[in-house]
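# Structural overview
Residues per chain are reported as follows:
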Amino acid sequence: MKTRPGSSLGALHPVLFFAVIYAIALLFSIFICSSLFYSCNTSGNADVSQKQEVPAQQTPSVQPTQASLLNN
């Protein structure tokens, strides 16, 4: 019986299959964990930012150094 000089991609098929499945599972886990992390952090900060409203201070439009230059 003759041996075929063809490629051995068929022997690597299970290894490639599980590598692709592992990569997909890794991407989904990163997406799910990051979305859970951001959802937990934003819900806690929303209450704090609504309670601490600080009125804006009015600043003069012309600073004293600029006013003294304009008067000269």
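In the block above lies the structure referred to throughout.
Being a predicted model, the structure only gives us computed values, none of them experimental.

## Here we look at the overall build of the protein
A count of helical and extended segments in the protein gives two helices and zero strands. Looking at the protein residue by residue over its 72 residues, the buried ones come to 0%. Surface summary for the protein: the accessible area is close to 7400 Å², and the carbon and sulfur share equals 66%.

## Focus on a nonpolar patch on the surface
On the surface, Phe17, Phe18, Val20, Ile21, Ile24, Phe28, Phe31, Ile32 and Leu36 cluster together into a nonpolar patch covering about 930 Å² of accessible area. Mapped onto the elements of the fold, Phe28 is located in helix H1 (residues 9-51). With a relative accessible area of 52%, Phe28 lands in the exposed category.

## Here we look at the packing of aromatic side chains
Tallying each qualifying case throughout the model produces two aromatic pairs. Summarising the aromatic geometry, the rings of Phe17 and Phe18 are spaced 5.3 Å apart at their centres and angled 75° between planes, so their arrangement reads as edge-to-face. Where Phe37 meets Tyr38, the ring centres are 5.5 Å apart and the plane angle is 65°; that geometry is what we call edge-to-face.

About the criteria used
- Residues numbered from 1 in each chain as written.
- Predicted model: local features only at pLDDT ≥ 70, side-chain atom pairs only at ≥ 80, totals over all residues.
- Heavy atoms only, no water.
- Helix = DSSP H or I, 4+ residues; strand = E, 2+ residues; numbered from the N terminus.
- Buried < 20%, exposed > 50% of the residue type's maximum accessible area, 1.4 Å probe, protein only.
- Areas by Shrake-Rupley, 256 points an atom, 1.4 Å probe, with all protein chains shown as cover.
- Patch = residues over 30% accessible without salt bridge, like charges linked within 9 Å, V, L, I, M, F, W, Y side chains within 5 Å.
- Salt bridge = Lys/Arg side-chain N within 4 Å of Asp/Glu carboxyl O.
- Phe/Tyr/Trp six-rings, centres within 6.5 Å; stacked < 30°, edge-to-face > 60°.

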